Each structure stands twice: as C-alpha cells, then as structure tokens.
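Chain by chain, the residues run as shown.
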Amino acid sequence: MGCEPDQWAKDWLAEQRAQGKTGLTVEKRGDMHIVKWATTKWDPETKKRRKISEYRGVLRPDGTLAPPRPQRSRAEVTQIVDSGSARVMARLTEPILPALRFAFPNDYPEIVELAFARLLGRGELCKAGRCWNRLEDVLGLRPNTSPKSLSETLERVGLARGSQDMFFARLGTEDDLMAVDMSVIFSKARGATMLRTGYNRFRLSCPQFNLLMACGLASGRPRYMRIMPGNLKEGCAVTMLDEFGIGEGTLLVMDRGYHDRKLLAAIRDQDLDYLVAVKRNAKVYDMTDAEEGIFRWRDSAVRFGHAKVSDAEWAYRFENLDHRNDELVDALKAQELGRQRELKLDKAGNFVMVSSREMDPRDVYRMYKTRCEIENFFDTAKNVLSADRTFMRDDAHVMGHMFVTFVASVIRHELVRLIDEADLASSYSPEDVLDVYATMKVLTGDMEIRQVVPKDVRDLDARLGLFMYSTQDDRDRLLGIKKKRGRKPKASGPSS
C-alpha cells in the first residue's frame, strides 16, 4: 500500500485539480511518487458502476512525469517443447541410426522414441508417448506415440532375432578384445516362458532370466546381447557364440564363471582366443607362481608369473599385495569372532588366469581390469535404464524391452565418452548433462519468440565440444580461464 505523499507532491496535485484535471491521485512508494488516473463507468450489463484505473507515470520533483514503460505485446504460445536434450540425444544417435534404419526399416522411429524416453526416465509405455511429444523432433522421425502401437512395436522387435543380429553386425566397431559376461534380470512378466525361479542376494525366490552381453574393451561400447532362460550357468553361453558372429582372432575376456572346458573348446573351434579367470580350487594354481617379477598398477604393487600348462594354454598368476593384506586381515577378524574362515596364506590376494594366447603378463592384468566396462553396463541397465522393470505379457515383449535397453545404453555410452574426454566426470553425470540442456525450449506461437541461451548451457556445450549453442571462441575462453586458474602463485616468503 502507498504512503502519504510529500508536500511538494500534494502541491502539484492541487495545481492539477485547479486546472480542471480530475481523477488524478498520487501515491508514495518508497522514494517514488506514482501518479494514477481513475474514474467510474456505468456497465449496462451488470447495472453497476465499474472503476477504471490507469497508470500515468512517476512524478519528479520538478513537476514532470516520467512516462510509463510501453506495454509488451502479448504472444499466444501454442506449444513448448524441449529442444536442448533432444538435440543432444539426436546427435549421439546419429552414428547408430543407419544400422537401426537398415535392420528395422518400419520400426526404427518407435525404437528411438522408446530409447529417448528410457534415457529421460520415462520408459513406461504409457509415459513414453507423452515424453516424446514434449521433445523437439530433431531427426524428423514422427513416430507413433500411442501405448498400444508401442506395445506392438516391442513385440515385433523382440521376435525379429535376425534384424537384431543385423543391427549388432553393423555397429561398426573394430575391437579385437571383447569382454563377455552374463547377469541375472529379475522380472514379473507373467506369461513369459523364459523365466525360471531363482534366488536373489537376500535368498528370496524370484522369477528371472539371464542377459548375456559382450562389450568391446578398447571402445567400451556394448556390442552384442542375448537373452537366455533363467537358472543357466555361464558355461551354457557356448550355444550363443555362433549367433554373435564375432570375428576370427578376437580375444574374449571372461570371469571365473566361464572356466568351462566345453565352452573353451568351442571358442577354440571357432578360431577365437580366450582369457578367463579360474576358480581358487583349480589345479592350475599349483602349476605357476608369482616369482617372475613385480609391477605397479595404479597405487598397488602386483607380483606376477606365467607358465605354459598345456600345448595351447598359458597360465598367468598375479598377487596384489594390498589385496593380500586385506584378505588376511578379514580372515583373522572372522576367526576372532568365532566364524569358520580358513586362512589361506598361499592364495591370499592371488588369482590365476588361463589363455589360449601367450602375452605379456602386464597386458593380461590390464585387460582383466578393464573388463569392468561390462559391469558398468549391467549396473547402468538395471539401476538407470530400468532393465529389470519388465512388466510384460510374453517372451516377445521382454526381448523387445531388452533390445530398447541395449539401444539406450549405446546412446548413453556415447554421452559418457564425451564427458570423460572433457574431464567432467567428477562434476556431471549423463543425466546432469541432459538436465542442463533441457532448459533450452522451442516456443511455437503467433509471433517469433527467441530464447537467450543461459551461460551454463553455453559453457557446458563448449566444453563437451558439441557447439550447438556455443562457438569455438567460448571454448577458447573457458580453456584460458582454466589455465589462468591453474597457475601457481609466486612465493612471497617461506611457508609456515
């Protein structure tokens, strides 16, 4: 509410009224004096008088009025869509879009729609269409957004095993090192015959199926995917090797669950090589030692040794001294608490791998450690992309759901690669990047509406090297600021 005006404002108002100008009022708000004009008008519809008020400006001490600001023209906005995150996902999809279009010429628009919705946390069929309608159609796909049509698409994609194989074959990576692993996916898909009763880590019985994956170690990109019935051991993956179409001479890096003689023999029969960890009770532990040398892996010292254990197989033994100490301490603590824990002094901190190829033990250790990429895929698929939320009706829908998860993981991997190359992994996750870009909108209406690009979007766009909303000058400016901040201050005296 306004306050009592100053005396000079009252004198000005009295002078205006003496000149016959009625309806004027002066209100003091802070240090300003607001001048308004008001009157009443008869409204024939309501049969009452209606007050009309008009703002005239700010009164200055010299008696002049600062004119009011011109009123902004109104624009009728009919649609607001997310442009920033849609452009990022479209840019990352471009490398795999030709392969997707070739393998699924009729269904690839809906597959991209479902993958985008999964990346944005709207993977349910009832939400995927609404999520797509809020995005700018950068790729010009114009997919069907009804839940019924998307359900039919999942069924067709799940049944099209040949089309999936063509897509895997056209991903175009040149990795000659592949990590292979299998993970359990718990599902409540009633009617799916591939489900088997299994147990989770809490020893609770749940229906499940197995997801067999292969990832390239050099690029880290997922390469192949197969769904297998639940309650199968890793050695059963031998039936899937011929379907993957892995190139000859590829080295498969696997965990100890795949140390199965039938599987290893099948790998050799297909002119492939393997590098697989063995179990602690394997006899090959007695055939090698770690007395050959020692090297540093990050912040740990690792002893190693290798030996030829058969005509076409070599064994590599490694002893991580930090892991050895931790394992022995855990065993001693367990014994102090009265638990039965055997103290294995000869095998603590040790693990052995066997391979059909003779290599430098340092390279063997590095390959085995970099297979964590496939573990990251399983973690992302389950916890970020909701691969285990398969409330589907039958096997076809479950397999279609998992293929969409695979496509979404490939797109997300490309975004992770951009973040790592820009050295932003400690500050941004892929979801954070999409959230920052989501501030950019496209407004459709009866007049031209432009949005000013926020500074955080310009900076992130320049650092990622996408240059959708920034220029090379922005990138050079950021690099200059980073170098300037990285300079060490000159020493002014002895440190305390």
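Thresholds, definitions, all that
- Residues numbered from 1 in each chain as written.
- Predicted model: local features only at pLDDT ≥ 70, side-chain atom pairs only at ≥ 80, totals over all residues.
- Heavy atoms only, no water.
- Helix = DSSP H or I, 4+ residues; strand = E, 2+ residues; numbered from the N terminus.
- Rg over C-alpha atoms; globule rule 2.2 N^0.38 Å.
- Buried < 20%, exposed > 50% of the residue type's maximum accessible area, 1.4 Å probe, protein only.
- Contact = heavy atoms within 4.5 Å.
- Areas by Shrake-Rupley, 256 points an atom, 1.4 Å probe, with all protein chains shown as cover.
- Lys, Arg positive; Asp, Glu negative; His and termini not counted.
- Charge placed at Lys NZ, Arg CZ, Asp CG, Glu CD.
- Phe/Tyr/Trp six-rings, centres within 6.5 Å; stacked < 30°, edge-to-face > 60°.
- Lys NZ or Arg CZ within 6 Å of the ring centre and 35° of its normal.
- Patch = residues over 30% accessible without salt bridge, like charges linked within 9 Å, V, L, I, M, F, W, Y side chains within 5 Å.
- Salt bridge = Lys/Arg side-chain N within 4 Å of Asp/Glu carboxyl O.
- Pairing = 2+ DSSP bridges.
- Axes fitted to C-alpha atoms, helices over the stretch in contact; angles between N-to-C directions.
- Polar contact = N/O pair within 3.5 Å; in protein donor to acceptor, adjacent residues only side chain to side chain.

Student: Give a description of the overall build of the chain that names residues and reports values.
Tutor: The helix and strand inventory of the chain stands at 16 helices and 16 strands. The C-alpha radius of gyration computed for the chain amounts to 34 Å, which surpasses the reference 23 Å derived for 496 residues by more than 25%, pointing to a less compact arrangement than a globule. With the C-alpha coordinates aligned to their principal axes, the bounding extent of the chain is approximately 115 × 75 × 50 Å. Out of the 496 residues in the chain, the part that is buried amounts to 44%. Taking the contacts inside the chain whose residues are at least 6 apart along the sequence as the reference set, 58% of them involve residues at least 24 apart. Counting every atom, the chain has about 28200 Å² of accessible surface; 48% of that belongs to carbon and sulfur. Where the 81 positive side-chain charges of the chain centre and where its 74 negative ones centre are 7 Å apart.

Student: Describe the packing of aromatic side chains, and please don't skip the residues or the numbers.
Tutor: What the rule picks out here adds up to 17 aromatic pairs. Here Trp-297 and Tyr-365 contribute two aromatic rings whose centre-to-centre distance is 5.5 Å and whose plane-to-plane angle is 75°, an arrangement assigned as edge-to-face. In this pair, Trp-297 sits in strand 12 (residues 293-297) while Tyr-365 sits in helix 11 (residues 361-370), placing the two residues 68 residues apart along the sequence. Tyr-365 matches Trp-297 in its accessibility class, with the two residues each being buried. With centroids separated by 5.9 Å and ring planes inclined at 35°, the aromatic side chains of Phe-351 and Tyr-365 adopt a geometry described as tilted. Here Phe-351, found in strand 15 (residues 350-355), pairs with Tyr-365, found in helix 11; they are 14 residues apart in sequence, far enough to count as distant. With respect to class, Phe-351 is no different from Tyr-365; both count as buried. Among the aromatic residues, those joined into a ring-pair cluster are Phe-295, Trp-297, Phe-304, Phe-318, Phe-351, Tyr-365 and Tyr-368. Its guanidinium or amino end placed over the ring of Phe-102, Arg-170 lies 3.5 Å from that ring's centre, counting from NZ or CZ. It is Lys-347 that lies over the ring of Tyr-285; its NZ or CZ is 5.0 Å from the centre.

Student: Explain a positive patch on the surface to me, and be specific about the residues and the numbers.
Tutor: Taken together, the side chains of Arg-122, Lys-127, Arg-130, Arg-134 and Arg-389 make up a positively charged region of the molecular surface. Mapped onto the elements of the fold, Arg-134 is located in the loop between helix 5 (125-133) and helix 6 (147-159). Look at Arg-134 and you get partly exposed, because its relative accessible area is 45%.

Student: Please provide a residue-by-residue account of the sheet that holds strand 2 (residues 32-43), values included.
Tutor: Taken in spatial order, the four strands of this open sheet run 1-2-3-4, and their pairing is antiparallel. One side of each edge strand has no neighbouring strand; the edge strands of this open sheet are strand 1 (24-29) and strand 4 (65-66). Pairing geometry for strand 3 (residues 48-59) and strand 4, over two bridges, is antiparallel. When the sheet's bridge partners are listed, Leu-59 is paired in strand 4 with Leu-65. Contacting strand 1, strand 2 and strand 3, helix 1 (residues 7-18) runs over the sheet at an angle of about 170° to strand 1.

Student: Run through a negative patch on the surface, naming residues and quoting values.
Tutor: Where like charges cluster on the molecular surface, the negative patch consists of Asp-299, Asp-322, Asp-326 and Asp-330. In this fold, Asp-326 is placed in helix 10 (residues 321-336).

Student: Would you mind going over the side chain of Asp-273 in detail, with residue names and values included?
Tutor: Mapped onto the secondary structure, Asp-273 falls in strand 11 (residues 273-277). Overall, the relative accessible area of 18% leaves Asp-273 in the buried class. A distance of 3.1 Å separates the side chain of Asp-273 from the side chain of Ser-356, its partner in a polar contact.

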